[in-house]
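A structural walkthrough
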Amino acid sequence: MKQNLISIIIPLHNGADTINRAVKSVLNGTFYHDMIEVIIVENGSTDQSFEIAKKLATEHSNIRVYQSDKGTSFARNLGIEKSKGKWLIFLDADDYLVESNLNIIIENLITNPTDLCVYNYEKGSKEIELFSEEVELINDLNPFIVRFLSEPTKYMTVWGKVFNKHLIDELGLKFNTNLRVSEDSDFYLRFLLAMHSLTLYPQTLYHYSIDSPSTMRTFSSDKLEGYIVSLDESSKALENVDDAIREAFSLYKLAHFNLIMVREVFHFDNAKSFREKLREMIRLYKMPMFSEPIQNLSISDVRNLSLVPLFFLKIHLYHLAALVYIIRVRQNKFKEGRKS
């Protein structure tokens with residue numbers, strides 16, 4: 001039996017309302033059906049997800065369905081283990097692929113020997129253009145790793161990418177099932193540091209939906225410490241990297257600090273008082289993993305608006321920093337109210 005070109009791995013947890021859309025975007029988007037396998041891994045659903053997935057498998061010979069322990073990392077790891085493709089695409093059950101570009105993307109992959117392909121994507125109704133032209137890189141990958149780490153909300157996800165499975169197998173790379181959040185960024189960071197080649201494409205591969213709940217977008221009182229654990233774990237991958245990547249990882253940590261403030265500490269669903277939230281912000285700011293890069297900020301960094309509240313922290317204007325975060329929480333609430 002010949003090897004599939006692409007394995008599309010879909011973790012499925014309570015995705016009964018969206019899994020058909022995700023699968024349809026794959027199967028309707030290309031005439032290269034014999035080159036694709038879809039691996040759906042249901043994990044701990046309490047709705048009809050598993051039954052719907054099994055029905056899809058009876059209707060399409062290139063769909064396989066498995067079950068794993070609850071958790072996206074368990075599901076993705078099983079998907080990697082069961083996959084037979086040269087390339088891997090990770091697709092969340094509430095998102096979908098951009099059908100109009102899929103044939104072009106597959107044709108590019110047929111002859112591409114690179115380790116990683118990175119594409120533009122859609123976030124809700126907004127087009128996120130990362131690259132405007134095709135670029136193939138074999139040497140000097142560090143500047144792009146620095147770029148990815150410096151803007152993690154744009155680049156440090158496993159979706160919107162195509163991974164060479166041979167390198168994943170060679171590394172024995174898996175998603176860390178002990179991490180509750182940022183497990184995809186941890187996986188991606190380790191892959192980036194081991195890859196030998198990279199191709200950037202101007203096509204749009206992925207649609208990230210904001211019309212359904214997301215772990216990243218919802219408040220959970222026990223998630224905060226999960227970010228700390230994830231950052232600590234990811235830092236272990238940096239033992240043999242150059243200074244530029246270490247400096248970029250500092251920006252990666254600061255982006256996570258901002259995320260913690262907006263998605264957890266000052267989130268509207270956090271029932272703590274403003275005074276308690278302020279104390280929590282200061283406690284986290286004083287942790288070495290955050291305080292050291294914050295202390296290295298200069299006044300010129302304020303030109304980057306995302307660093308403004310961090311600079312306020314550096315000069316101990318705590319209430320001003322808190323005000324900025326509260327404004328951002330309100331902005332997010334408004335944006336996510338316009339679902340797409």
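Cut-offs and rules
Residues numbered from 1 in each chain as written. Predicted model: local features only at pLDDT ≥ 70, side-chain atom pairs only at ≥ 80, totals over all residues. Heavy atoms only, no water. Helix = DSSP H or I, 4+ residues; strand = E, 2+ residues; numbered from the N terminus. Rg over C-alpha atoms; globule rule 2.2 N^0.38 Å. Buried < 20%, exposed > 50% of the residue type's maximum accessible area, 1.4 Å probe, protein only. Areas by Shrake-Rupley, 256 points an atom, 1.4 Å probe, with all protein chains shown as cover. Lys, Arg positive; Asp, Glu negative; His and termini not counted. Charge placed at Lys NZ, Arg CZ, Asp CG, Glu CD. Phe/Tyr/Trp six-rings, centres within 6.5 Å; stacked < 30°, edge-to-face > 60°. Pairing = 2+ DSSP bridges. Right-handed = clockwise from strand over helix to strand, strands pointing away. Core = buried A, V, L, I, M, F, W, Y, C linked by side-chain atoms within 4.5 Å. Contact = heavy atoms within 4.5 Å.

1. Notes on the overall build of the protein
Each helix and strand counted, the protein has 14 helices and 10 strands in total. Computed over the C-alpha atoms, the radius of gyration of the protein is 20 Å, within 12% of the 20 Å expected from 2.2 N^0.38 for a compact globule of 340 residues. With the C-alpha coordinates aligned to their principal axes, the bounding extent of the protein is approximately 65 × 45 × 35 Å. Sorting the 340 residues of the protein into buried and exposed places 55% on the buried side. For the protein, the exposed surface amounts to about 15900 Å²; the carbon and sulfur share of it is 50%. Computing the positive centroid from 40 side-chain charges and the negative centroid from 44, the protein places the two 6 Å apart.

2. What about the packing of aromatic side chains?
What characterises a pair of aromatic rings is the spacing of the ring centres plus the angle enclosed by the ring planes. Overall, the coordinates contain 19 aromatic pairs when judged by the stated rule. Ring geometry for F163 and F191: centres 5.0 Å apart, planes at 85°, overall edge-to-face. Of this pair, F163 sits in strand β9 (residues 161–164) while F191 sits in helix α8 (residues 183–194), placing them 28 residues apart in sequence. You can call F163 buried: its relative accessible area is 0%. We classify F191 as buried; its relative accessible area is 0%.

3. Considering the pairing of strand β2 (residues 36–42)
A large share of β2 lies buried, amounting to seven of its seven residues. Neither face of β2 is exposed, since I36, V38, I40 and E42 on one face and E37, I39 and V41 on the opposite face are all buried. The pairing of strand β1 (residues 6–12) with β2 spans seven bridges and is classified as parallel. Paired with P11 across the bridge in β2 is V41. A crossover connection joins β1 to the parallel β2 through helix α1 (residues 19–27); in handedness this β-α-β unit is right-handed. One ladder, built from five bridges, connects β2 with strand β3 (residues 63–67); its direction is parallel. Within the sheet, the bridge partner assigned to V41 lies in β3 and is Y66. In the classification by handedness, the crossover that spans β2, the intervening helix α2 (residues 49–59) and the parallel β3 is right-handed.

4. What to know about the nonpolar core
I40, F148, F163, L198, F257 and M281 are the most contacted members of the largest nonpolar core, which totals 107 residues. Ranked by residues supplied to this core, first place goes to helix α10 (residues 243–265) with 11 residues. Setting aside its immediate chain neighbours within four residues, F163 contacts K86, W87, L88, F90, D115, L116, V158, I168, F187, Y188 and F191. In terms of nonpolar packing, the next biggest core, distinct from the first, is built from five residues, I39, V41, Y66 and L78 among them.

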